[in-house]
Each structure stands twice: as structure tokens, then as C-alpha cells.
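Working through the structure, step by step
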Amino acid sequence: MKKFYLLLSVIFALGTISCNETGTTKNKDMEEIPVDDILVNKVLTAEEQSKLTPQEVIEILKKGNQEFMDDELTVRNNTERVRDAALGQYPKAVILSCLDSRVPVEDIFHRGIGDIFVARVAGNIVNPDMLGSMEYACKVSGAKAVVILGHEYCGAIKSAIDDVELGNITTLLAKIKPAVEGAKVNFSGETASSNSKFVAAVCEHNVELVVEEVRKNSPILKEMEDNGEILIVGAIYHMHTGKVDFL
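Residues numbered from 1 in each chain as written. Predicted model: local features only at pLDDT ≥ 70, side-chain atom pairs only at ≥ 80, totals over all residues. Heavy atoms only, no water.

Before going further, it helps to examine the confidence of the model for the chain. Per-chain confidence: the chain averages 84 in pLDDT, with 77% of residues scoring 70 or above. When the criterion is pLDDT under 50, residues 1-30 qualifies, and its contacts beyond four places in sequence or with other chains add up to 63 contacts. (pLDDT = per-residue confidence, 0-100. Contact = heavy atoms within 4.5 Å.)

If you want it as C-alpha cells, here you go:
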């Protein structure tokens, strides 16, 4: 058979898929899609990963985000991908994202199993464990980019602005407070969590500070970036449009 039976992610999850004699893939709830029009991402090999440049990886992420915004359908044979990735992984990038359930990292970059490392923590802050994870992703596993991904309407950002104190959350929010104070310097308007423009300003400044902190506190990643082996960049995810803006 020309192709394996394909499993559709997310919106196809409830449908039954089959390949028919006309060379199309069909879901019981959707129209037939020509097999040749389907995008199938394969698990990256070590050789393929080594040939990628950091800038090429950023462009791949941007292209994937555009496909996400355009609601293009990606079909992946996840069963095959799981087997292919079982004995090794060679992802393109590591993404440090917020914990927020409204930010589906693999989806917004149109990536699948084995494509990217994803680290998640409220407020997309860094600590020694996160830095160690990034160092593993890049120095050991060959990822070519580190992306610090903030997002609109971040609850952790709002809580930091509001000086919330609650258990271990207090310690976490303390790591965001420098971004709150820094954003106030050049901001004209109400510096409150009710002001979405100020929340956005703090979010962006927080991403910038985290990028700086990665470079400052990880000599390994800083050296790799200086040598052109990786890029360390910030980005903001916009919930209304699905767009990721790279800073």
C-alpha cells in the first residue's frame, strides 16, 4: 500500500480514516482529501538534524505557525512516528512555554512527535532545572534553537502585577516581578492587571529578561550561541489569531 493508514490529530480524532481506490483520505465527517495534498512530517534523523542551521529551524517554526493560523490540516501516522522515535530523538528546537492550557505548543508550530522539546512552567520562567533541560536539548541532543515563548493574557503575569501571595506561587511570581517593574519605566497608562496593554508590555519584557537570563546563567548555551550552533530567541503567542511573533 502506498501509504500507511493515517491518523488525524485534534479535529480528526473522532473520525474514521481510510484510503480508498481513488487515492484519497476520507473522514466520515469531512470531505475526501487527495493523499498527495496531505502534509506528513517524518521523524528527523541525526544526519538531517546536523544539516539544519539555527536560522533554518526558526524559519521552519515560522512556517509551521503560518500553517496553524491558516488552519491547514496535517496528517501524521503517529503509530509509525512513535516507533521511529523510540530509540532516539533529534528535535529541531526546545521551546520554553507557559503552563497555560490555551497554548498548545506543538500545534501552534505545526509539529509532531520527535520534532521539538517542550518545557512548560507558569510564566515561562527559568531556574537551574529548566536551564539544565535546555542544555541537554541543545548540547546533548542537538537542538538548534531555544525559544522563550510568552503569551497574551498570561495569568502568571497578571498575578505578579497584582502581588499575589499564595504558597509556592509566591516564589514563582517573584521571578516575574523584575519584568513588572521594568515594564513600568517606559509605560504610559495604568499599570494594573486590568489594563491589557500593560499586561502585554510585562509579558514581552518578561520574555526579554528570560532570554538574557538564559545567556547569563548558562555558559554552555551562551557559548553555543556565540559559536553559531544555536539561536536563543524570544516570542509571543497571540491567542486571538494564533500568530507567534518572534522578538
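Below, the discussion takes up the pattern of salt bridges. Considering all chains together, one arrives at 10 salt bridges under this definition. Among the ionic pairs, Lys62 bridges to Glu59, the shortest N-O distance being 3.9 Å. One end of the pair, Lys62, and the other, Glu59, are both in helix H2 (residues 54-69), 3 residues apart, so they sit about a helical turn from each other. Note that Lys243 and Asp245 form a salt bridge whose closest N and O atoms lie 3.7 Å from each other. Judged by relative accessible area, which is 33%, Lys243 ranks as partly exposed. (Salt bridge = Lys/Arg side-chain N within 4 Å of Asp/Glu carboxyl O. Helix = DSSP H or I, 4+ residues; strand = E, 2+ residues; numbered from the N terminus. Buried < 20%, exposed > 50% of the residue type's maximum accessible area, 1.4 Å probe, protein only.)

Below, the discussion takes up the packing of aromatic side chains. By the definition in use, this model includes 3 aromatic pairs. With centroids separated by 6.4 Å and ring planes inclined at 50 degrees, the aromatic side chains of Phe109 and Phe246 adopt a geometry described as tilted. Note that Phe109 is positioned in the loop between helix H4 (105-108) and strand S7 (116-120) and Phe246 in strand S10 (residues 244-246), a separation of 137 residues in sequence. For Phe109, a relative accessible area of 0% gives the class buried. (Phe/Tyr/Trp six-rings, centres within 6.5 Å; stacked < 30°, edge-to-face > 60°.)

This part is about H2. In a regular helix each residue adds 1.5 Å, so 16 residues correspond to 22 Å; H2 covers 23 Å between its end C-alpha atoms and thus fits that length. Residues Pro54, Val57, Ile58, Leu61, Gly64, Asn65 and Glu67 constitute the buried set of H2. As for H2, its buried residues are in contact with strand S6 (93-97), H4, S7, strand S8 (145-151), strand S9 (231-237) and S10. At the exit of H2 stands Asp71, carrying a positive phi of roughly 60 degrees. (Expected span 1.5 Å × (residues − 1).)

Between helix H5 (residues 128-140) and helix H10 (residues 219-226), the least distance of the axes is 9 Å, while the angle of their chain directions is 40 degrees. Taken together, the axes of H5 and H10 are oblique relative to one another. Two packed elements cross with a definite hand, and for H5 against H10 that hand is left-handed. Counting all contacts with H5, which are made through Met134, Glu135, Cys138 and Lys139, the residues of H10 involved are Ile220, Leu221 and Met224. Within the contact of H5 with H10, the residues separate by chemical class into 5 nonpolar, no polar and 2 charged. (Axes fitted to C-alpha atoms, helices over the stretch in contact; angles between N-to-C directions. Parallel < 35°, antiparallel > 145°, perpendicular 65-115°, else oblique. Left-handed = near helix turned anticlockwise from the far one by under 90°. Nonpolar A, V, L, I, M, F, W, Y, C, P; charged D, E, K, R; others polar.)

The next thing to look at is helix H9 (residues 196-217). The first and last C-alpha atoms of H9 sit 31 Å apart over 22 residues, in line with the 32 Å expected at 1.5 Å per residue. For H9, the full list of buried residues reads Phe198, Val199, Val202, Cys203, Asn206, Val207, Val210, Val211 and Val214. Sitting at the amino-terminal end of H9 is Asn195, which places a side-chain oxygen 3.1 Å from the backbone nitrogen of Lys197. (Polar contact = N/O pair within 3.5 Å; in protein donor to acceptor, adjacent residues only side chain to side chain.)

Mapping Lys144 onto the fold places it in the loop between H5 and S8. In this structure Lys144 is buried but unpaired, with Glu56 as the nearest side chain of opposite charge at 7.1 Å. Discounting residues that sit within four places of it in the chain, Lys144 has contacts with Gln49, Ser50, Leu52, Pro54, Val57, Lys92, Glu229, Ile230 and Leu231. (Lys, Arg positive; Asp, Glu negative; His and termini not counted.)

On the surface, Val164, Leu166 and Ile169 cluster together to form a nonpolar patch covering roughly 240 Å² of accessible area. Relative to the helices and strands, Ile169 resides in helix H7 (residues 169-174). (Patch = residues over 30% accessible without salt bridge, like charges linked within 9 Å, V, L, I, M, F, W, Y side chains within 5 Å. Areas by Shrake-Rupley, 256 points an atom, 1.4 Å probe, with all protein chains shown as cover.)

The element S6 is largely enclosed, with a buried count of 5 among its 5 residues. The two faces of S6 match: Ala93, Ile95 and Ser97 on one face and Val94 and Leu96 on the other face are all buried. Where S6 meets S7, 5 bridges bridge the pair, whose relative direction is parallel. Looking at S7, one finds that Ala93 is bridged to Ile116. Inspection of the sheet shows S6 paired to S8 by 5 bridges, in the parallel sense. What sits directly across from Ile95, in S8, is Val147. (Pairing = 2+ DSSP bridges.)

The phi dihedral of Asp71 falls on the positive side, at around 60 degrees, and the residue is not glycine. Relative to the assigned elements, Asp71 resides in the loop between H2 and strand S5 (75-76). Look at Asp71 and you get exposed, because its relative accessible area is 56%. With phi around 40 degrees, Asn124 is a residue other than glycine that occupies positive phi space. Relative to the elements of secondary structure, Asn124 occurs in the loop between S7 and H5. For Asn124, a relative accessible area of 2% puts it in the buried group.

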